[in-house]
Amino acid sequence: MKAFEQNIRKVEPYVPGEQPRHKVIKLNTNENPYPPSPSVTKALREMDTDRLRLYPDPAADMLVGALADYYEVGKDQVFVGVGSDDVLAMCFLTFFNSDKPVLFPDITYSFYKVWAELYRIPYECQKLDGDFRIVKEDYYKENGGVIFPNPNAPTALYEELDAVEDIITHNKDAVVIVDEAYIDFAGRSALELIDKYDNLLVVQTFSKARSMAGMRIGYAIGSPLLIKYLNDAKYSFNSYTMNETSLVCGVEAVKDRAYFEEGIRRIVETREWAKQELAKLGFCFLDSSANFIFARHPEYDARKLFEELKANGIYVRYWGSARIEQYMRISVGTREEMEALFAFFRQYMNR
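First things first, this report covers the structure right here in the doc. Given the structure is predicted, the values throughout are model-derived calculations rather than measurements.

**Considering the pattern of salt bridges**
Okay, so step 1: Under the criterion given, the structure shown has 21 salt bridges.
Okay, so step 2: Lys100 is the partner of Glu142 in a salt bridge, and the nearest nitrogen-oxygen pair spans 2.8 Å. Here Glu142 is found in the loop between β4 (123-126) and β5 (146-149), whereas its partner Lys100 is found in the loop between α3 (83-95) and β3 (102-105), with 42 residues between them in sequence.
Okay, so step 3: Relative accessible area serves as the criterion here: at 33%, Lys100 is assigned to the partly exposed category.

**A word on the packing of aromatic side chains**
Okay, so step 1: Summed over the entire model, instances satisfying the criterion amount to 27 aromatic pairs.
Okay, so step 2: A ring pair is formed by Tyr109 and Tyr112, whose centres lie 5.7 Å apart and whose planes are at 80°; its orientation type is edge-to-face.
Okay, so step 3: Note on Tyr109 and Trp115: the rings are 6.2 Å apart at their centroids and 80° apart in plane angle, and the pair reads as edge-to-face. Each of the two residues, Tyr109 as well as Trp115, counts as buried.

**Let's talk about the packing of helix α9 (residues 302-311) against helix α10 (residues 335-350)**
Okay, so step 1: At a closest axis distance of 11 Å, the pairing of α9 and α10 adopts a crossing angle of 120°. It follows that α9 is oblique to α10 by the angle criterion. In this structure, α9 meets α10 at a crossing whose hand is right-handed. Side by side, α9 and α10 meet where Lys304, Leu305, Glu308 and Leu309 of the first sit next to Leu341, Phe344, Phe345 and Tyr348 of the second.
Okay, so step 2: For the contact of α9 with α10, the class distribution of residues is six nonpolar, no polar and two charged.

**Observations concerning the pairing of β4**
Okay, so step 1: Bridge count between β3 and β4: four bridges; the pairing is parallel. Within the sheet, the bridge partner assigned to Leu103 lies in β4 and is Glu124.
Okay, so step 2: For the segment spanning β3, helix α4 (residues 111-118) and β4, crossover handedness is right-handed.

**Points about the sheet that holds strand β9 (residues 284-285)**
Okay, so step 1: Spatial strand order, β9-β10-β13-β12: four strands in an open sheet with antiparallel pairing. Here the strands that pair on one side only, and so sit at the sheet edges, are β9 and β12 (317-318).
Okay, so step 2: Of the strands in this sheet, β9 and β10 (292-296) touch helix α8 (residues 257-280), which is tilted by about 10° from β10.

**Remarks on α8**
Okay, so step 1: Over its 24 residues, α8 runs 35 Å from end to end, which matches the ideal 34 Å to within 8%, given 1.5 Å per residue.
Okay, so step 2: Of all the positions in α8, only Phe260, Gly263, Ile264, Ile267, Thr270, Arg271, Trp273, Ala274, Lys275, Glu277 and Leu278 are classed as buried.
Okay, so step 3: Here the buried face of α8 lies against α2 (61-71), β9, β10 and α10.
Okay, so step 4: Backbone geometry just downstream of α8 places Gly282 in the positive-phi region, at approximately 90°.

**Remarks on the side chain of Glu180**
Okay, so step 1: Within the secondary structure, Glu180 sits in the loop between β6 (176-179) and β7 (200-205).
Okay, so step 2: Although Glu180 is buried, it forms no salt bridge, and the closest oppositely charged side chain is Arg188 at an N-O distance of 9.9 Å.
Okay, so step 3: Here the side chain of Glu180 touches Ser189 through a polar contact of 2.6 Å, side chain to side chain.
Okay, so step 4: When neighbours within four sequence positions are excluded, Glu180 is seen to be in contact with Asn150, Ser189, Ala190, Val202, Val203 and Gln204.

**A word on the environment of Gly250**
Okay, so step 1: Residue placement: Gly250 occurs in helix α7 (residues 244-255).
Okay, so step 2: With relative accessibility at 0%, the residue Gly250 sits in the buried group.
Okay, so step 3: In this structure the C-alpha to C-alpha distance between Gly250 and Ile217, which are 33 residues apart in sequence, comes to 7.4 Å.
Okay, so step 4: Gly250 has contacts with Leu63, Phe206, Met212 and Ile217, leaving out every residue within four places of it along the chain.

**Some words on α3**
Okay, so step 1: With 13 residues, α3 extends 18 Å between its outermost C-alpha atoms, agreeing within 8% with the 18 Å of an ideal straight helix rising 1.5 Å per residue.
Okay, so step 2: α3 sits mainly inside the fold: ten of its 13 residues count as buried.
Okay, so step 3: Of all the residues in α3, the buried ones are Gly83, Ser84, Val87, Leu88, Ala89, Met90, Cys91, Phe92, Thr94 and Phe95.

Rules used in this analysis
- Within any chain, residue numbers begin from 1 and follow the written order of that chain's sequence.
- Residue-level local features of this predicted model are given only where pLDDT is at least 70; pairs of side-chain atoms are given and counted only at 80 or more, and the full residue set underlies all totals for whole chains, interfaces and linings.
- Calculated side-chain values reflect all of the structure's heavy atoms, with hydrogen atoms and water omitted.
- Only one rule defines a salt bridge in this text: a Lys or Arg side-chain nitrogen within 4 Å of an Asp or Glu carboxyl oxygen.
- Numbering of helices and strands runs from the N terminus, with a helix taken as a DSSP run of H or I at least four residues long and a strand as a DSSP run of E at least two residues long.
- Partly exposed residues are those whose accessible area sits between 20% and 50% of the maximum for their type, while under 20% is buried and over 50% is exposed, using a 1.4 Å probe and protein chains only.
- Any two of the Phe, Tyr and Trp rings considered here, Trp counted by its six-membered ring, make a pair once their centres fall within 6.5 Å; the pair's planes then place it as stacked at under 30 degrees, edge-to-face at over 60, or tilted in between.
- Comment: axis = line fitted to C-alpha atoms, over the contacting stretch for helices; angle = value between 0 and 180 degrees taken between N-to-C directions.
- Note on terminology: angles under 35 degrees are roughly parallel, angles over 145 are roughly antiparallel, angles of 65 to 115 are roughly perpendicular, and the others are oblique.
- By convention, the crossing between two helices is left-handed when the near helix turns anticlockwise from the far helix through less than a right angle, and right-handed when the turn is clockwise.
- Residues count as neighbours in contact if any of their non-hydrogen atoms are within 4.5 Å of one another.
- Think of it as three bins: nonpolar holds Ala, Val, Leu, Ile, Met, Phe, Trp, Tyr, Cys and Pro, charged holds Asp, Glu, Lys and Arg, and polar takes everything else, Gly as well.
- At least two bridges found by DSSP between two strands are what make those strands a pair.
- Orient the strands so they point away from the viewer; a crossover is then right-handed if the path from the first strand over the helix to the second runs clockwise.
- A helix's residues, less one, multiplied by 1.5 Å, set its expected span.
- Charge assignment: positive for Lys and Arg, negative for Asp and Glu; neither His nor the chain ends contribute.
- Between N or O atoms, a polar contact is any pair within 3.5 Å; within protein, one atom must be a potential hydrogen donor and the other a potential acceptor, and residues adjacent in sequence are included only when both atoms are from side chains.

Don't take any of this as a statement about function, it's just geometry.
Structure, rendered in structure tokens:
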């Protein structure tokens, strides 16, 4: 090791899903298979590119205002960032500064461990039960903060709002972050609890239900106090996080409620049909409330299936880690993409 390496911060980085540039059936990163709202396309076509020579609004006021109107909260309750990953990273930096461990599930979004390691935050992973459910009692103990996704990833399981509230009520002296990247495909949001608990922060994204993963827009909604602290940290890090194009397109996406809701309906309809087709093929899977399905087949090795799918131009996600080594995560694509997936499975199983 070089002498200067002793003072370099070393972390094991998060590994995102593959982003192939050639034509494939891409069911590996939970992107929306449908395009953004036509209003977004129109805004892009009509955008005055002269605006790009200027710095964007550091407060992202027009997008913050659109989100505040949509969710019927104050503008001082909204924080926006470059995708929910950026928002969550800022949350780790801002709120998890205790010498007590942050608590999150053992099978969950793997970026949580990366941020904890990066910022030198102590943490403890709480084991999901045998059905891959969060055990709420595991979060009753003393801690330096709590974070969990709902629905969880990669399991796709949704915890009812009363269970979420139970965790919050047992952690009034710590910040509780509910990561709701997939909530639009599930049930009631913890946003209903925002005015009741000033230690609650809810994080959502434009990458899934709003079909804008490429624009990188995420946001947090919480008490004005928590949002102030987030903005203080942001302005100490980088004032101009949201680019002008994302701000303009984000506002248009929020305004088009009808398109947003119809897109969710289509994905949920395809998801429920896909569950039936997977069951016919002998797959076992958790009851997804997200835009993906976490599945395994008792007679076929998951790694081999994953590799065969990839060789045939169909990308899904596979980890091979403890407790989930036989599971694949399959994003819900269009009906045609899912039919191609099932056609491959039938051919593979009958050869």
